[in-house]
Amino acid sequence: MAESPRVSLASEPLALGALDGRYRAAVAPLVDYLSEAALNRDRVHVEVEWLIHLTSQSVLPGAGPLSDEQNAKLRAIVTEFDAASVNELAEIEAVTVHDVKAVEYYIGRRLPAIGIENLTAMVHFGCTSEDINNLSYAVGIKGAVENVWLPNAAALVKQIEDMAEANRSVPMLSRTHGQPATPTTLGKELAVIAHRLNRQLDRIAKTEYLGKINGATGTYAAHVASVPSADWETVAKTFVEGLGLTWNPLTTQIESHDWQAELYADIARFNRILHNVCTDIWSYISIGYFRQIPVAGATGSSTMPHKVNPIRFENAEANLETSNGLLDTLGATLVTSRWQRDLTDSSSQRNIGVAFGHSLLAISNVAKGLKALDVAEEVLAGDLDTNWEVLGEAIQMVMRAEAIAGVEGMENPYERLKDLTRGQRVDAARMQEFVQGLGLSADAEARLLALTPGKYTGIADKLVDHLQ
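Residues numbered from 1 in each chain as written. Predicted model: local features only at pLDDT ≥ 70, side-chain atom pairs only at ≥ 80, totals over all residues. Heavy atoms only, no water.

In the nomenclature of an unreviewed UniProt entry, the chain is known as Adenylosuccinate lyase of Paenarthrobacter nitroguajacolicus. Per its UniProt entry, the chain bears the Sequence similarities (unreviewed entry) comment "Belongs to the lyase 1 family. Adenylosuccinate lyase subfamily." (UniProt positions renumbered as here; feature names shortened; annotations may be inferred.)

1. So, the packing of aromatic side chains
Applying the stated criterion to the full structure yields 8 aromatic pairs. Plain terms: the ring middles of F81 and Y106 are 6.0 Å apart, the flat faces sit at 70° to each other, and that makes the pair edge-to-face. Pair noted here: F81 is in the loop between helix 4 (68-79) and helix 5 (83-96) and Y106 is in helix 6 (residues 99-108), with a separation of 25 residues, a long-range link. One exposure class covers both F81 and Y106, and it is buried. (Phe/Tyr/Trp six-rings, centres within 6.5 Å; stacked < 30°, edge-to-face > 60°. Helix = DSSP H or I, 4+ residues; strand = E, 2+ residues; numbered from the N terminus. Buried < 20%, exposed > 50% of the residue type's maximum accessible area, 1.4 Å probe, protein only.)

2. Description of the pairing of strand 2 (residues 179-185)
Bridge count between strand 1 (residues 171-176) and strand 2: 5 bridges; the pairing is antiparallel. Note that in strand 2 the partner of P171 across the bridge is T185. Hairpin connection of strand 1 to strand 2: 2 residues between the antiparallel strands, including H177 at a positive phi of 60°. (Pairing = 2+ DSSP bridges.)

3. Let's talk about the UniProt feature "domain: Adenylosuccinate lyase PurB C-terminal" (unreviewed entry) in the chain
In this numbering, the UniProt entry assigns the feature "domain: Adenylosuccinate lyase PurB C-terminal" (unreviewed entry) to residues 337-457. Note that residues 337-457 is 61% helix and 2% strand, and that its end C-alpha atoms are spaced 54 Å apart.

4. Points about the environment of L440
Position of L440 among the secondary structure elements: in the loop between helix 19 (428-436) and helix 20 (442-449). For L440, a relative accessible area of 9% gives the class buried. Separated by 37 residues in sequence, L440 and A403 have C-alpha atoms that sit 9.4 Å apart. The residues touching L440, leaving out its near neighbours within four places in the chain, are V398, M399, E402, M410, V435, E445 and L448. (Contact = heavy atoms within 4.5 Å.)

5. Looking at the nonpolar core
Judged by nonpolar contacts, the single largest core of 108 residues is most densely connected at L74, I141, W149, W232, L263 and F356. In terms of residues, this core owes the most to one element, helix 8 (residues 129-166), which gives 17 residues. Both domains that furnish three or more residues to this core are identified here as domain 1 (33-125) and domain 2 (130-296 + 307-377). When neighbours within four sequence positions are excluded, W232 is seen to be in contact with W50, L54, V59, L60, F125, Y220, H223, V224 and V227. Counting residues in each nonpolar core, the second largest holds 19 residues, with W388, L391, L448 and Y456 among its members. (Core = buried A, V, L, I, M, F, W, Y, C linked by side-chain atoms within 4.5 Å. Domains from an automatic or database assignment.)

6. As for the domain arrangement of the chain
A common measure of how large an interface is: the accessible area buried when the components associate. Entries for the chain in the domain assignment read domain 1 (33-125), domain 2 (130-296 + 307-377) and domain 3 (387-467). Computed from C-alpha coordinates alone, the two centres of domain 1 and domain 2 are separated by 32 Å. On the side of domain 2, 25 residues touch domain 1, which itself brings 20 residues to the contact. Summed over both partners, the interface of domain 1 with domain 2 buries about 1900 Å², with 76% contributed by carbon and sulfur atoms. If you sort the residues of domain 1 by the area they bury against domain 2, Y33, L34 and W50 come out on top, with a joint share of 34%. (Buried area = accessible area lost by both parts, 1.4 Å probe.)

7. Notes on unusual backbone geometry
Generally, phi is negative for residues other than glycine and the peptide bonds are trans, each holding for most cases. Here S58, not a glycine, exhibits a phi torsion of approximately 50°, which is positive. Relative to the helices and strands, S58 is located in the loop between helix 3 (36-56) and helix 4. The phi angle at H257 is positive, at roughly 70°, despite the residue not being glycine. Positionally, H257 belongs in the loop between strand 4 (246-247) and helix 12 (258-286).

8. A short note on the side chain of E47
Structurally, the position occupied by E47 is in helix 3. Despite being buried, E47 has no salt bridge partner; R43 is the closest side chain of opposite charge, sitting 8.1 Å away. With residues up to four places along the chain from it excluded, the contact list for E47 reads V100, V103, I107, V123, H124 and I132. (Lys, Arg positive; Asp, Glu negative; His and termini not counted. Salt bridge = Lys/Arg side-chain N within 4 Å of Asp/Glu carboxyl O.)

9. Some thoughts on the packing of helix 3 against helix 11 (residues 232-242)
The interhelical angle for the contact between helix 3 and helix 11, taken along N-to-C directions, is 130°, at an axis separation of 11 Å. As the angle between them shows, helix 3 and helix 11 are arranged oblique. Classified by chirality, the crossing of helix 11 by helix 3 is right-handed. Residue-level inspection shows V46, E49, W50, H53 and L54 of helix 3 in contact with helix 11, the latter providing W232, V235, T238 and F239. Considered class by class, the residues forming the contact of helix 3 with helix 11 number 6 nonpolar, 2 polar and 1 charged. (Axes fitted to C-alpha atoms, helices over the stretch in contact; angles between N-to-C directions. Parallel < 35°, antiparallel > 145°, perpendicular 65-115°, else oblique. Left-handed = near helix turned anticlockwise from the far one by under 90°. Nonpolar A, V, L, I, M, F, W, Y, C, P; charged D, E, K, R; others polar.)

10. Details of the packing of helix 12 against helix 13 (residues 311-334)
Interaxial distance between helix 12 and helix 13 falls to 9 Å at its minimum, and their mutual angle equals 160°. Relative to helix 13, the element helix 12 lies roughly antiparallel. The crossing of helix 12 and helix 13 is left-handed. The class makeup of the residues in the contact of helix 12 with helix 13 is 15 nonpolar, 7 polar and 5 charged.

Now the structure itself:
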C-alpha cells in the first residue's frame, strides 16, 4: 500500500527526545546548568572572570586593576545572558565555526561600552579552547549536582527513611531466592535501602571538581613567552580555586576528566541501587504487600478497566537504565585521549545533561510512586501466618544452645528440623507439638511456644535507628 504524503514536522520547533518533550517539566531545572545555552553562559563567565583576575592581579604590564563599576559591568555580561544572547552567539559561531572563539568575540563586542576596548586582546589571553571548556563544564556540572540532582536524590532518600521509621515494627516475611525465609520488618528493609543510597550520596557530595588553565599543551608556554615575569602557576591556581574548583597542576591540553568518570560511576551506582528498589517494590506490589492508591481520572489499561499498574517504578527502571548507559559510556570515553588531545571528549560531554536528565526523571517517578502506596499490613500478617516453617531456624538454634548447656536429647537439631520443615507447610499446631516433644528446658520451651512468625524478627525494628 502506498504511503500517504505527510506534512513534514522537521521545520517546527519540536523536541526530538523525550526529555525535551513530554518530560520537560521534570528535568527543566537542569537546563540552567547542563544545556548548550548554559554551557555558553559558563564560558562567558569563565572568560570574564579570567579577564578580571588578570587585571586585578596586574599580571600583564600596562593592565592594572579595573574599577568596581567596570568589574560589575563585566559580570553583568554573565548575569544578563539571555535568549537574545544565545541567538547572538549562534550568529557569531555561524561565521567562526568555533564555539569558544564566538564567546571571545561576543565579550569583545561589549568592552567599548565599559570603557576598556583597549583590553580586547586580554580576552582569552594565553588560553586554548579547552582551558575555557574544562572550567565551564566543571562549573556547570558542579551546579547541576549540588543544586538539582543531589537535593532531589536526598529528598527521595529522606522519603524512604520516613517510610522506614513509620513501618519499623511491621513484621514481614523475608524471601531469599524467592522462597520464605526468616522474617524481618518492612521498616528494616526500607532502612537497608536508605542506608545504601545515603552512602552513595555521601560520596557524590564529596566530589572534587577539577580544573586547569595552562595553555595549549599544559606547559604555560605562551604565558611564559609573553609575560616571563609572572608566576603563572600561582595565577592559574588562584583563578581555578576562585571558581570553586580544585586546581589540577598536571595536564595535557585537556583536563584529564578522571573526576568526571569518578562522579559518573558514583551516580551510576546510586542509579543501580535505585533500580533494585524499583524491582523490589514492583514485586511487593504484585504480591499485595503494597496497595496502589488510584489517581482520579487516570487509566491503567486501555482495555482492562480494573488495572492500576505500577508505571512509576517501571518508568523509573527504564530511565535509570538509559542514564547508566550514558554514564558508563562517558566514564569509559572521557578518561582516554590520543596523545595531548583529541575531540572525542567534546562530543561525549554534550550528552552529560541527557545522562543526568534520565536519572533525575527516574528519581521523580520513584518519589511519586512511593507517595501513592499504602502498606497492606493484613496481607503481610496473613503471609507470615501461613509460613510457620520459618521458625525451624529458631528451634534448631535453641536446641544447639540447650545441648551446649548440657540438656540431653538435643542431638542433630538441624537434621530434625529439616525433616519436619523442608519443602513442607507446617502450621502453628504442628510446630508447637514438635516443640513440646523435644524435652527442652522449661524456659527454652516457653520462649519457643510464645514465638510466632510475626514475632520472629530479632532486633529488626531497632536497626532502623542506624539511619539517625
